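Here is what each chain is made of, one letter per residue.
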Amino acid sequence: MSDRAQDPLLLVLDDDHDLREGLTWMFETSDIHVKGYGNFQAFSADLDSVFQSGKELCLLLDLRMPDMSGLEVFRWLKNQGYSLDRMPVIFLTGHGDISTAVEAVKDGAFDFYEKPTTDERLIERVREALRKSREFLDNQSVLKQWSDRINKLSPRERQVMLYVAKGKLNKVIAAELDISMRTVEVHRANVFDKLKVRSAAELATLLSKLGDLFGFDHSGGLE
């Protein structure tokens, strides 16, 4: 048996108890752990702790529910800042809701499936959504590592880092910061050592990926 504390988690939000039970059985027999909710209140109350769990997540969301429609829940998720890469959303729809579900996919939903949904295609699509969630978590872990490294730079090293990433020559950096070229060289070497990069081009690529988090705009220059 796998450690359920680390298993991927499929969330099911649907007011139909029998459907939730059927989906739970189908996915559990495919080794995908399921947590079901019959209403928005229970789902929203649990969501922060689920997001903080470190698990891969996917949400199966019924489009039509009495207390709050699936589309309203989807918009709420976006407005509250919950990442759709962290938790891809697959809508469950009735036949008359397909056009609405298509629009939701255009708006960022992962996919939609028409009820009844007991087939291997849905299971595989959920697995793909969970893989997307894992990629997001892995990427966030890498960004955290780089954030920790950059936070070890002194304020002056960070200034030099940004100039070097923009391709500025040492003498230009020295003039703009009003320091000696030798000091620039020392700071530059410290930046490369602490960030484990080997060139200005590699540094620029790294900071472009990190984007606004560290105040660097690869196309626009220093902020």
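Notes on the structure in this doc start here. (Residues numbered from 1 in each chain as written. Predicted model: local features only at pLDDT ≥ 70, side-chain atom pairs only at ≥ 80, totals over all residues. Heavy atoms only, no water.)

Concerning the packing of aromatic side chains
Next up, step 1: Summed over all chains, the structure comprises five aromatic pairs.
Next up, step 2: Clustering of aromatic rings is evident, with ring pairs tying together Phe40, Phe51, Trp76 and Tyr82.
Next up, step 3: Against the face of phenylalanine 51 rests arginine 86, its NZ or CZ located 5.4 Å from the ring centre. (Phe/Tyr/Trp six-rings, centres within 6.5 Å; stacked < 30°, edge-to-face > 60°. Lys NZ or Arg CZ within 6 Å of the ring centre and 35° of its normal.)

Considering the packing of helix H6 (residues 155–165) against helix H8 (residues 181–195)
Next up, step 1: Direction vectors running N to C along H6 and H8 enclose 85°, while the axes themselves pass 9 Å from each other. Regarding the angle of H6 to H8, the classification is roughly perpendicular. Here Arg156, Glu157, Val160, Met161 and Val164 of H6 come into contact with H8, specifically with Val184, His187, Arg188, Asn190, Val191, Phe192, Lys194 and Leu195.
Next up, step 2: Looking at the contact of H6 with H8, its residues break down into seven nonpolar, two polar and four charged. (Axes fitted to C-alpha atoms, helices over the stretch in contact; angles between N-to-C directions. Helix = DSSP H or I, 4+ residues; strand = E, 2+ residues; numbered from the N terminus. Parallel < 35°, antiparallel > 145°, perpendicular 65-115°, else oblique. Contact = heavy atoms within 4.5 Å. Nonpolar A, V, L, I, M, F, W, Y, C, P; charged D, E, K, R; others polar.)

Structural notes on the environment of glutamate 185
Next up, step 1: Tracing the backbone shows glutamate 185 in helix H8.
Next up, step 2: Its relative accessible area of 33% is what places glutamate 185 among the partly exposed residues.
Next up, step 3: The spacing of glutamate 185 and isoleucine 173 is twelve residues in sequence and 9.9 Å in space, taken between C-alpha atoms. (Buried < 20%, exposed > 50% of the residue type's maximum accessible area, 1.4 Å probe, protein only.)

Things to note about the side chain of serine 30
Next up, step 1: Relative to the helices and strands, serine 30 is located in the loop between helix H1 (17–28) and strand S2 (33–37).
Next up, step 2: Looking at serine 30, its side chain comes within polar contact range of the main-chain oxygen of methionine 26, at 3.2 Å.
Next up, step 3: Once residues within four sequence positions are removed from consideration, serine 30 is found in contact with Ile123 and Arg127. (Polar contact = N/O pair within 3.5 Å; in protein donor to acceptor, adjacent residues only side chain to side chain.)

What about the sheet that holds strand S4 (residues 89–93)?
Next up, step 1: Strand order in the open sheet formed by five strands is S2-S1-S3-S4-S5, with parallel pairing between adjacent strands. Because the sheet does not close on itself, it has two edges, and the strands there are S2 and strand S5 (111–114). With direction set aside, neighbouring strand axes in the sheet form an average angle of 20°.
Next up, step 2: Where strand S1 (residues 9–13) and S2 come together, five bridges link them in parallel fashion. (Pairing = 2+ DSSP bridges.)

Looking at the pairing of S1
Next up, step 1: Summarising burial for S1: five of the five residues are buried, a large majority.
Next up, step 2: Every second residue of S1 is oriented toward a common face, with Leu9, Leu11 and Leu13 on one face and Leu10 and Val12 on the other, all of them buried.
Next up, step 3: Following the chain from S1 across H1 to the adjacent parallel S2, one finds a crossover that is right-handed.
Next up, step 4: As judged from the five bridges shared by S1 and strand S3 (residues 57–62), these two strands associate in the parallel manner. Bridged to leucine 11 within S3 is leucine 59. (Right-handed = clockwise from strand over helix to strand, strands pointing away.)

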